[in-house]
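# An overview of the molecular structure
Listed below, chain by chain, are the residues.
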Amino acid sequence: MSKMRFQGATLRKLEGTLFITPWVVGFLAFVAFPLVFSLYMSFHRVKVTVNGIETIPNGVEYYREILFADGGLLYDDLIPFLREAAVMIPIILIFSLLIAILLNQQFWGRTFFRIVFFLPVIFSSGQIILEFIKQGEGTLSFVESLRIDSYIIEYVPKTWVEPINHVISSFVLVLWYSGVQILIFLAGRQTISSSVYEAARIDGADPWNTFWKITLPGLIPFIFLNLIFTVVDLFTFPTNPIISKVTTANYGLSSALAWIYFMIVLVFIGIVMLLYSRVDKAFSGKRS
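What comes next is a walk through the structure. (Residues numbered from 1 in each chain as written. Predicted model: local features only at pLDDT ≥ 70, side-chain atom pairs only at ≥ 80, totals over all residues. Heavy atoms only, no water.)

### Brief notes about the overall build of the chain
Rules: Strands are runs of DSSP state E lasting at least two residues, helices are runs of H or I lasting at least four, and both sets are numbered from the N terminus onward. To sort residues, take the accessible area from a 1.4 Å probe on protein chains only and compare it with the maximum for the residue type: under 20% means buried, over 50% means exposed, and anything in between is partly exposed. In what follows, residue pairs with any heavy atoms lying within 4.5 Å of each other are defined as contacts.
In terms of helices and strands, the chain carries 14 helices and two strands. Counting the 288 residues in the chain, one finds 31% classified as buried. In the chain, once contacts between residues fewer than 6 apart in sequence are set aside, the share between residues at least 24 apart is 70%.

### As for the packing of aromatic side chains
For the record, the criterion: To pair, rings of Phe, Tyr and Trp, with the six-membered ring standing in for Trp, must have centres within 6.5 Å; the planes then decide the type, stacked if under 30 degrees apart, edge-to-face if over 60, and tilted in the middle.
In this structure the tally under the stated criterion is eleven aromatic pairs. Between Trp 23 and Phe 27, the aromatic rings sit 5.3 Å apart at their centres with planes inclined by 15°, giving stacked as the arrangement. Of the two residues, Trp 23 and Phe 27 both sit in helix H1 (residues 2–41), four residues apart, roughly one turn of that helix. Plain terms: the ring middles of Phe 211 and Trp 212 are 5.3 Å apart, the flat faces sit at 80° to each other, and that makes the pair edge-to-face.

### Things to note about helix H10 (residues 179–189)
In terms of burial, H10 is a largely internal element, eight of the eleven residues being buried. Among all positions of H10, only Gly 179, Gln 181, Ile 182, Ile 184, Phe 185, Leu 186, Gly 188 and Arg 189 are buried.

### Details of the environment of Leu 39
Its location among the elements puts Leu 39 in helix H1. For the pair Leu 39 and Ser 255, spaced 216 residues apart in sequence, the C-alpha separation works out to 6.6 Å. In this structure Leu 39 touches Tyr 63 and Trp 259, once residues within four positions along its chain are discounted.

### Re the pairing of strand S1 (residues 44–49)
Put simply, the test is: The rule for pairing is simple: two strands pair if DSSP sees at least two bridges between them.
Looking at chain direction, S1 and strand S2 (residues 52–57) are connected through six bridges and run antiparallel. For Val 46, the partnering residue across the bridge sits in S2 and is Thr 55. Two successive antiparallel strands, S1 and S2, enclose a turn made up of two residues.

### Considering the packing of helix H3 (residues 75–103) against helix H13 (residues 220–235)
Convention followed: Every axis corresponds to a line fitted to the C-alpha atoms, with the helix fit spanning only the stretch in contact, and the corresponding angles, defined between N-to-C directions, vary from 0 to 180 degrees. Our angle categories are set so that under 35 degrees counts as roughly parallel, over 145 as roughly antiparallel, 65 to 115 as roughly perpendicular, and the remainder as oblique. Two helices that cross are described as forming a left-handed crossing if the nearer one is turned anticlockwise from the farther one by less than a right angle, and a right-handed crossing if clockwise. Three classes are used, and their members are as follows: Ala, Val, Leu, Ile, Met, Phe, Trp, Tyr, Cys and Pro are nonpolar, Asp, Glu, Lys and Arg are charged, and the others, Gly among them, are polar.
One can describe the packing of H3 onto H13 by two numbers: an axis separation of 10 Å at closest approach and a directional angle of 140°. In terms of their interaxial angle, H3 and H13 are classed as oblique. As H3 runs across H13, the sense of the crossing is right-handed. Contacts from Phe 81, Leu 82, Ala 85, Met 88, Ile 89, Ile 92 and Leu 93 in H3 reach Asn 226, Leu 227, Thr 230, Val 231, Leu 234 and Phe 235 in H13. When the residues that make up the contact of H3 with H13 are grouped by side-chain class, the tally is eleven nonpolar, two polar and no charged.

### Observations regarding the pattern of salt bridges
Note the following rule: Any carboxyl oxygen of Asp or Glu that lies within 4 Å of a side-chain nitrogen of Lys or Arg is treated as forming a salt bridge with it.
Within this structure, the stated rule accounts for two salt bridges. For Arg 64, the salt bridge is made with Glu 61, and the minimal N-O distance between the two is 2.8 Å. Within this pair, Arg 64 and its partner Glu 61 are both found in helix H2 (residues 61–69), separated by three residues, close to a single helical turn. Accessibility expressed as a relative area gives 40% for Arg 64, which makes it partly exposed. A relative accessible area of 31% means that Glu 61 is categorised as partly exposed. A salt bridge links Asp 77 to Lys 245; its shortest N-O distance comes to 2.7 Å. Pair noted here: Asp 77 is in helix H3 and Lys 245 is in the loop between H13 and helix H14 (251–287), with a separation of 168 residues, a long-range link. Overall, Lys 245 belongs to the partly exposed group, its relative accessible area being 26%.

Here is the structure:
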């Protein structure tokens, strides 16, 4: 029996290795060298001449300039963007969770609606999204008619007015980016056995208690996965003001800015993982 278990574990590891091998090969062939070379350029002054690329050692000068000398390169755009992300992330997660629960129900045309919610992920490229935003097509007309912006200005702190108004002005486009999250939540919901819900109904549990005691705890790992995906997706959003500053005008400065931004993304992912570990521990205590 132990030999069969060993062979089964080895087979699963081999399957996992085979699945991840194309990504590893692609990363080493197309990403690893540019990534390391960009780190090298961030410590050098780079000049492109007819004879090739000339690099002059510059130390941490670019990092010092970005972090301490010139706030306009990073902080003037980063801080408003972080506030905007703090508003967008809960909206995307809550919306995708509710839609996934609805799409898991049995009703006529369910497959059609599943396709409708996922189609924007397939057809919406970065340039299309930018064109929609420029044309002002991301707003909800009934939201504008309610003059919600005036209430936001009156009751919300000034530092949060602009990020919230920007999210509202592109609300439809924000929801368009929920297709992958809906798919993940839908797959997660289907991992919860229907027998658990039948037992809950027999015990007299209503849908509200069923959601909080069964559905939500069962979806905690998928909430964590969607949270990481949403953070990474937002930090690479087409309208991201930091990414737009990474240009070919100054390779050394742009490389340093890109690496600082990359570290910020890693910090956010680390915070997400810390929050997940605490939430999962709390739910595990309730389940036990």
